[in-house]
There are 2 protein chains.
Amino acid sequence: MSETRKRSTRQREAVSRALEGAGGFRSAQDLFDSLRDDGAKISLTTVYRTLQYLADEGSVDVLRSHDGEAIYRRCSSSEHHHHLVCRECGAAVEIESDEVEDWAKRVATRHGFTSVDHLAEIYGVCQKCAG
Amino acid sequence: MSETRKRSTRQREAVSRALEGAGGFRSAQDLFDSLRDDGAKISLTTVYRTLQYLADEGSVDVLRSHDGEAIYRRCSSSEHHHHLVCRECGAAVEIESDEVEDWAKRVATRHGFTSVDHLAEIYGVCQKCAG
DNA sequence: TTAAGTGCAAATCGTTTGCAGTTCG
DNA sequence: CGAACTGCAAACGATTTGCACTTAA
């Protein structure tokens, strides 16, 4: 299933490094721009392809921003994390929750599902925006 | 901000009705297909526009499916249900969980967020497909 | 050498928009 | 009538793909 990526290249390294430096979630375009700013010779296509590889491998998480862009971030193993997002300003707080982890696994197992994965996001209006 | 939609039309009614009937989250395409099946004369463009109007009004929630499609559902205040979806065949089991409800509310409150809403979906492979 | 990796340009796909015709009020 | 609303086709922006060229091993 993760039988892609066989060689190590300048570009691939660069993308990984850019992801490291980014910390949070970044779009392919963002990463591409950063890479270019850092003087990397790489195409947007390759950024996309590399990100895809990494995602298949499970090295990066892929989320969707509210306007449909895919955003990526290097993944600390297969650990899940969720977000508390402000509907107004877009500010996001990262949260963890074994509670939800357990729930997802439990429910899935009960229904005979395997290879379980889940998505959980909380939306609301932050203090600042609530006025 | 919600200064669109002034008139009542056959198409707009149809979209609202389709959303009612749908219950869960549906993509514009899905809704369009349902509408056509029900014999409605409407264009995909209008479905999109209507959905946009309703979203601006706050009558529907807009989310993004994992593959970037926008999915909509009529917004019944803050009532929630979740889904356990098979990645292979798409089969979905509807699930409820006060557990998750509580968690979302608790976390949000802790961070000073209001008008809380959330999304939680579990993905996996069902027994049939795991074969 | 040679398969994996890359870049460019063209192709996709969901969604939006320009514009001319239609309809509600 | 006149402003909303519609539909179609063209435009869009993010992502993918076909193909010829590079490059790591």
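For the structure itself, look to the data block above.
What you are looking at is a predicted structure, and each value in this text was computed from that prediction instead of being measured. (Residues numbered from 1 in each chain as written. Chains lettered and ligands numbered in written order. Predicted model: local features only at pLDDT ≥ 70, side-chain atom pairs only at ≥ 80, totals over all residues. Heavy atoms only, no water.)

### So, the interface of chain B and chain A
Inference 1: Chain B puts 40 residues into the contact, and the matching count from chain A is 39 residues.
Inference 2: Together chain B and chain A conceal approximately 3,200 Å² of surface at their shared face, both sides included; 63% is due to carbon and sulfur atoms.
Inference 3: Scanning the region where chain B abuts chain A turns up two salt bridges.
Inference 4: The closest approach of N and O atoms between R106 of chain B and E99 of chain A, which form a salt bridge, is 3.0 Å.
Inference 5: Applying the counting rule to chain B against chain A returns six residue pairs in polar contact (both at pLDDT 80 or more).
Inference 6: Broken down by element, the residue count for the side of chain B that touches chain A peaks at twelve residues, all from strand β6 (residues 114-125) of chain B.
Inference 7: Residue composition of the side of chain B that touches chain A, grouped by class: 21 nonpolar, twelve polar and seven charged.
Inference 8: Two elements, strand β6 (residues 114-125) of chain A and β6 of chain B, share nine bridges in a ladder whose sense is antiparallel. Paired with I122 of chain A across the bridge in β6 of chain B is H118 of chain B. (Contact = heavy atoms within 4.5 Å. Buried area = accessible area lost by both parts, 1.4 Å probe. Salt bridge = Lys/Arg side-chain N within 4 Å of Asp/Glu carboxyl O. Polar contact = N/O pair within 3.5 Å; in protein donor to acceptor, adjacent residues only side chain to side chain. Helix = DSSP H or I, 4+ residues; strand = E, 2+ residues; numbered from the N terminus. Nonpolar A, V, L, I, M, F, W, Y, C, P; charged D, E, K, R; others polar. Pairing = 2+ DSSP bridges.)

### As for the pattern of salt bridges
Where charged atoms of side chains with opposite charge meet at close range, the side chains can pair.
Residues and elements named next belong to chain A.
Inference 1: Scanning all chains against the criterion turns up eight salt bridges over all chains.
Inference 2: Here D61 makes a salt bridge to R73, at a shortest N to O gap of 3.7 Å. You can see D61 sitting in strand β2 (residues 60-64) and its partner R73 sitting in strand β3 (residues 70-74), a full twelve residues away along the chain.
Inference 3: According to the relative accessible area criterion, D61 is buried, its value standing at 14%. (Buried < 20%, exposed > 50% of the residue type's maximum accessible area, 1.4 Å probe, protein only.)

### Details of the environment of E99 of chain B
Inference 1: Tracing the sequence through the fold places E99 of chain B in helix α4 (residues 98-110).
Inference 2: The contacts of E99 of chain B, once residues within four sequence positions are left out, are E99, W103 and R106 of chain A.

### Some details on the sheet that holds strand β1 (residues 26-27) of chain A
By way of backbone hydrogen bonds, the strands of a sheet pair with one another, either parallel or antiparallel.
Residues and elements named next belong to chain A.
Inference 1: Taken in spatial order, the three strands of this open sheet run β1-β3-β2, and their pairing is antiparallel. Each end of this open sheet is capped by a strand with a single partner; those strands are β1 and β2.
Inference 2: Where β2 and β3 come together, five bridges link them in antiparallel fashion. Residue pairing across strands places R64 opposite A70, the latter belonging to β3.
Inference 3: Against the sheet, helix α1 (residues 10-22) engages β1, β2 and β3, with an angle of about 85° to β3.
Inference 4: Contacting β2 and β3, helix α3 (residues 44-57) runs over the sheet at an angle of about 110° to β2. (Axes fitted to C-alpha atoms, helices over the stretch in contact; angles between N-to-C directions.)

### Points about the relation of the copies chain B and chain A
Inference 1: Overlay of chain B on chain A (RMSD 2.2 Å): rotation 177°, translation along the axis 0.8 Å. Classification of the inter-copy transformation places it as that of a two-fold axis. Rotation axis and chain B: the residue whose C-alpha lies nearest the axis is G68 of chain B, separated from it by 1.7 Å.
Inference 2: Here 98% of the contact residues of chain B are again contact residues in chain A; the copies associate through an equivalent surface. (Least-squares fit on C-alpha atoms with pLDDT ≥ 70 in both.)

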